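Each chain, letter by letter, is given below.
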Amino acid sequence: MKICVAQTKPVKGDISVNIKNHKTLIDFAISHKADAIFFPELSITSYEPELVQNLGTNLDDKRFDNFQEISNANNITIGIGVPTKSNEGILISMIVFQPNKSRQIYSKQQLHSDELPYFVCGNNQLIITVDGIRIAPAICYESLQSSHSEEVNRLGADIYIASVAKSQNGVNKAAIHYPEVAKKYNMTVLMSNSVGPCDDFECVGNSAIWNTKGELLAQLNETQEGILVFDTETENTNKFYF
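All values reported here derive from a predicted model rather than from experimental measurement. (Residues numbered from 1 in each chain as written. Predicted model: local features only at pLDDT ≥ 70, side-chain atom pairs only at ≥ 80, totals over all residues. Heavy atoms only, no water.)

*Asks:* Pulling in residues and values, what's your account of the overall build of the chain?
*Replies:* Counting its regular elements, the chain contains five helices and 15 strands. Computed over its C-alpha atoms, the radius of gyration of the chain comes to 16 Å, within 12% of the 18 Å expected for a compact globule of 242 residues. Out of the 242 residues in the chain, the part that is buried amounts to 55%. Of the contacts formed within the chain by residues at least 6 apart in sequence, a portion of 62% connects residues at least 24 apart. Within the chain, one finds 20 positive and 28 negative side-chain charges whose respective centroids are separated by 2 Å. (Helix = DSSP H or I, 4+ residues; strand = E, 2+ residues; numbered from the N terminus. Rg over C-alpha atoms; globule rule 2.2 N^0.38 Å. Buried < 20%, exposed > 50% of the residue type's maximum accessible area, 1.4 Å probe, protein only. Contact = heavy atoms within 4.5 Å. Lys, Arg positive; Asp, Glu negative; His and termini not counted. Charge placed at Lys NZ, Arg CZ, Asp CG, Glu CD.)

Given below as structure tokens:
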């Protein structure tokens, strides 16, 4: 299986422009025979807590129909970052499109204290299966909490996808924590980060892949959009910039 993580530069609050940009990256991943692609935290809106009350949407948003069509036509799994509404409040979510299946949703279960005024916690871990490989999404802060990786390991995950919006400080922590997770649980770890301004900080990219030995296989730079492609059978990696 070939699995990709995307590194995007989202436009603050502009869902239509960000959808168009996602499609460009997905098309490029398809041209490299990808079976799955995952995007950063809140990639469709940018990470903007103060705007989410106006940006929150739902699983069945018609604006996302084309992602399902692309998934069906190209046999590719797609995970996008979206703020979604619930009865309790706004969730930080990943909507997952798989070929000829109903959309699935994963919502961040562990929030940073700074997020509590704006968001509520999800309560169910999603495991995505692609070609028999079990993929566990984690969204930013929770991916640095040992309890989360422990739980997805218990659920039998083979690959850990950290969908994040991280500053340099967060990336530095990730570079220490993710290799340890990979080694401890024999789980490949892929991080998808944004670049450019969001909220009150700068996302610094460095999207990366660590193998089950905790070895860094590939990493994007701090400023450019692009994708990383990982072959689960050969562990070959490729990186491309836009």
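*Asks:* If you had to explain the sheet that holds strand β8 (residues 159–163) to someone new, which residues and values would you point to?
*Replies:* Adjacent strands of a sheet form backbone hydrogen bonds with each other and so pair up, either parallel or antiparallel. Reading across from one edge, β6-β7-β8-β9-β12-β13 is the order of the six strands in this open sheet, with mixed pairing throughout. With partners counted over all chains shown, the strands left at the sheet margins are β6 (128–130) and β13 (216–219), one partner each. Pairs of neighbouring strands in the sheet enclose a mean axial angle of 20 degrees, with direction left out of account. Across the face of the sheet, helix α5 (residues 168–185) comes into contact with β8, β9 (188–192) and β12 (208–210) while running at roughly 150 degrees to β9. (Pairing = 2+ DSSP bridges. Axes fitted to C-alpha atoms, helices over the stretch in contact; angles between N-to-C directions.)

*Asks:* Which residues make up helix α1 (residues 15–31), and what values do they have?
*Replies:* Between the first and last C-alpha of α1 there are 24 Å, a value that for 17 residues agrees with the 24 Å anticipated at 1.5 Å per step. Among all positions in α1, only I15, N18, I19, H22, L25, I26 and A29 are buried. Buried residues along α1 cover an arc of 125 degrees about the axis, so they all sit on one side. When the buried face of α1 is taken as reference, the exposed residues oriented beyond 90 degrees from it are S16 and K20. Looking at the buried positions of α1, the neighbouring elements they touch are β1 (2–7), β2 (36–38), α2 (52–55), α3 (65–74), β3 (77–85) and β14 (226–231). Of the residues flanking the end of α1, it is K33, one or two places downstream, whose phi is positive at about 60 degrees. (Expected span 1.5 Å × (residues − 1). Arc of directions from axis to C-beta.)

*Asks:* Which residues make up the confidence of the model for the chain, and what values do they have?
*Replies:* Fine structural detail should not be taken from predicted coordinates in areas where pLDDT scores are low. Mean pLDDT over the chain stands at 98; residues scoring 70 or higher make up 100%. Confidence, expressed as mean pLDDT per element, reaches its minimum in the chain at α2 with 96 and its maximum at β2 with 99. (pLDDT = per-residue confidence, 0-100.)

*Asks:* If you had to explain the layout of surface pockets to someone new, which residues and values would you point to?
*Replies:* Here the largest pocket is characterised by a volume of approximately 460 Å³. Lining the largest pocket are 21 residues, and of these Y47, H112, D114, A165 and F201 lie nearest its centre. The element that contributes the greatest number of residues to the lining of the largest pocket is α5, accounting for three residues. Of the residues contributing to the lining of the largest pocket, the split by class is eight nonpolar, four polar and nine charged. Computed from the structure, the second largest pocket encloses a volume of approximately 150 Å³. (1 Å grid on protein atoms, 1.4 Å probe; cavity = no way out; pocket = protein on both sides within 12 Å on 5 of 7 lines; lining within 4 Å. Points joined across faces, edges and corners; volume = space filled by probe spheres on them. Nonpolar A, V, L, I, M, F, W, Y, C, P; charged D, E, K, R; others polar.)

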